[in-house]
Amino acid sequence: MITFENVSKQYPDGTRALKNITLTVEEGELLTLIGPSGCGKTTTMKMVNRLIEPTEGKIYVDGNDISSIDPVELRRNIGYVIQQIGLLPHMTIAENVALIPNLKKWPKDKTQKRVDELLDLVGLDPSVFRDRYPLELSGGQQQRVGVIRALAAEPPVVLMDEPFSALDPISREQLQDELVKLQKEIKKTIVFVTHDMDEAIKIADRIAVMKDGEIVQLSDPETLLREPKNAFVQNFIGEERLESGKGPKASQLMFVKTAVVTETKGLAEAMKTLKDHLADTLLVIDESGNYKGVAFLEDIHNSYNEKNMKVKDVLKSDTPVVQPSAPYSFVAEIFAKTNVPSIPVVEKNKLVGLITKASMMRGLAGLKQVEMGKEEELNGE
Ligand SMILES: Nc1ncnc2c1ncn2[C@@H]1O[C@H](COP(=O)(O)OP(=O)(O)OP(=O)(O)O)[C@@H](O)[C@H]1O
Ligand SMILES: [Mg+2]
């Protein structure tokens, strides 16, 4: 329904707000754009109704290249809810909602019927609210009017830029519920911008996570929660939400006592530490105890004859780590998708423990974790 094809936007002052975005919003889909302030959400949205023109690339709505559609005509067929509600203060609620139907010269009775129907739909009694002015409504009521005004002329496409952000949490949840219910009936193609991951998860068919003018991940909410593509997305989802995953957490699956050395040690000492722990992976920290990476037995062995080499010379800093709160499913997936023998558990840069397949099995079986390498001694217990 809406397609972005290699779209970039550079503002006259040189700001590159969007970098080569390719994206399709399916018909009847509610897609949310989410990401930190300044990542390009509003820019993306405003291009759909030509409030902003791309510097490169093409945008199609319903198969038509919008650069060849008259912007005014285009906007009449695209509902738009802006963040600041934008109701016209000198017009009544009914007149505000009827704005686009009137521009489209709908017959009076059709428009009036539609206005009442929409007011009903969002729980505003038409006989009470029709003739009021925006300032005589609460913030939440005004937001509802903003939303139904965008829907009034039954546009196939609706753009919503943080429509609920100014609301208190309760009205906000109510309006989210209403939108979900509404969307089941009207099945519009909706692009919805939000800062709030809970909101996105609740209402979206798919979520596009943006960062610095690019789409980092585009998935349905379930996949986004289960398979965040990188640390940025993971942080954005928030630790709290990951904690709600089923089963034990990383902190219950790890060895606490493992083989650790500081990065300035030589390889002989590293080798001894590994042997003492019957381990094949050495965890490396710096002098202040911050996690630096892992050193594998094989790499230490291969460089062993280089007498001047230190642990930091064989260290690998880019292997996956998890937070103590990461759910089992997340840990299992790293083992399934990469070939690392173990996963360090790190919190705020500090090393907390190490998960190996053996420690994971113990944790899953509900057994107490023992010192690394000492499992065998306990097999008779
Ligand atoms: N008219 C403009 N001229 C120059 N730079 C602009 C202009 N409008 C926006 N930008 C810049 O483009 C980038 C993207 O802006 P945009 O408004 O799309 O962000 P956003 O994701 O909607 O942010 P927010 O969540 O704060 O609303 C920002 O760095 C912004 O400063
Ligand atoms: Mg914005």
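Residues numbered from 1 in each chain as written. Chains lettered and ligands numbered in written order. Predicted model: local features only at pLDDT ≥ 70, side-chain atom pairs only at ≥ 80, totals over all residues. Heavy atoms only, no water.

A. View of the overall build of the protein chain. Along its length, the protein chain carries 17 helices and 15 strands. Against the compact-globule benchmark of 21 Å for 381 residues, the protein chain has a radius of gyration of 28 Å, which places it well outside the compact range. By its C-alpha atoms, the protein chain is 90 × 50 × 35 Å across when sized along the principal axes. Pairs at least 24 apart in sequence give 62% of the contacts found in the protein chain among residues at least 6 apart. Looking at the protein chain as shown, the accessible area adds up to about 19000 Å², and 49% of this sits on carbon and sulfur atoms. (Helix = DSSP H or I, 4+ residues; strand = E, 2+ residues; numbered from the N terminus. Rg over C-alpha atoms; globule rule 2.2 N^0.38 Å. Contact = heavy atoms within 4.5 Å. Areas by Shrake-Rupley, 256 points an atom, 1.4 Å probe, with all protein chains shown as cover.)

B. Layout of the domain arrangement of the protein chain. Taken domain by domain, the protein chain holds domain 1 (2–243) and domain 2 (250–365). Computed over C-alpha atoms, the centres of domain 1 and domain 2 are 46 Å apart. (Domains from an automatic or database assignment.)

C. Local environment of the site of ligand 1. Taken together, 13 residues are adjacent to ligand 1, and Ser37, Gly38, Lys41, Thr42 and Thr43 come closest. Coverage of ligand 1 by the protein chains reaches 63% of its 640 Å² of free accessible surface. The element best represented in the shell around ligand 1 is helix α1 (residues 41–48), accounting for three residues. (Near = heavy atom within 4 Å.)

D. Here's a closer look at unusual backbone geometry. With a phi angle near 55 degrees, Asn20 is a residue other than glycine that sits in the positive phi range. Among the secondary structure elements, Asn20 is positioned in strand β2 (residues 16–25). Classification of Asn20 as partly exposed rests on a relative accessible area of 46%. Not every positive phi belongs to a glycine, and Asp62 is a case in point at roughly 55 degrees. Its location among the elements puts Asp62 in the loop between β4 (56–61) and β5 (64–65). Asp62 gets classed as exposed once you look at its relative accessible area, which sits at 53%. (Buried < 20%, exposed > 50% of the residue type's maximum accessible area, 1.4 Å probe, protein only.)

E. Quick look at the pairing of strand β3 (residues 30–34). Burial analysis of β3 places five of its five residues in the buried class, which makes it a mostly covered element. On β3, burial covers both faces: Leu30, Thr32 and Ile34 on one face and Leu31 and Leu33 on the other are all buried. Strand direction decides the pairing type here: β3 and strand β8 (residues 189–194), joined by five bridges, are parallel. The residue bridging Leu30 from the neighbouring strand is Ile190, located in β8. Across four bridges, the pairing between β3 and strand β9 (residues 206–211) is parallel. Within β9, the residue paired with Leu33 across the bridge is Ala208. (Pairing = 2+ DSSP bridges.)

F. Representation of the sheet that holds strand β1 (residues 2–10). Here four strands make up an open sheet; going across it, the order is β2-β1-β4-β5 and the pairing antiparallel. Each edge of the sheet is formed by a strand with only one pairing partner; in this case those strands are β2 and β5. Note: β4 against β5, two bridges, orientation antiparallel. Residue Val61 lies in a different strand from β5, and its bridge partner there is Asn64. The sheet strands contacting α1 are β1, β2 and β4, and the helix crosses β1 at an angle near 125 degrees. (Axes fitted to C-alpha atoms, helices over the stretch in contact; angles between N-to-C directions.)

G. Structural view of the packing of aromatic side chains. The final tally for this structure, using the stated rule, is two aromatic pairs. The interplanar angle of 35 degrees and the centroid separation of 5.9 Å between the aromatic rings of Phe232 and Phe236 together place this pair among those described as tilted. Linking Phe232 with Phe236, this pair stays in helix α11 (residues 231–237), spanning four residues, or about one helical turn. A relative accessible area of 21% places Phe232 in the partly exposed class. Judged by relative accessible area, which is 22%, Phe236 ranks as partly exposed. Across the ring face of Trp106, the terminal group of Lys110 is positioned such that the distance to the ring centre comes to 3.9 Å. A cation sits over an aromatic face here: Arg132 above Phe129, 4.8 Å from the ring centre. (Phe/Tyr/Trp six-rings, centres within 6.5 Å; stacked < 30°, edge-to-face > 60°. Lys NZ or Arg CZ within 6 Å of the ring centre and 35° of its normal.)

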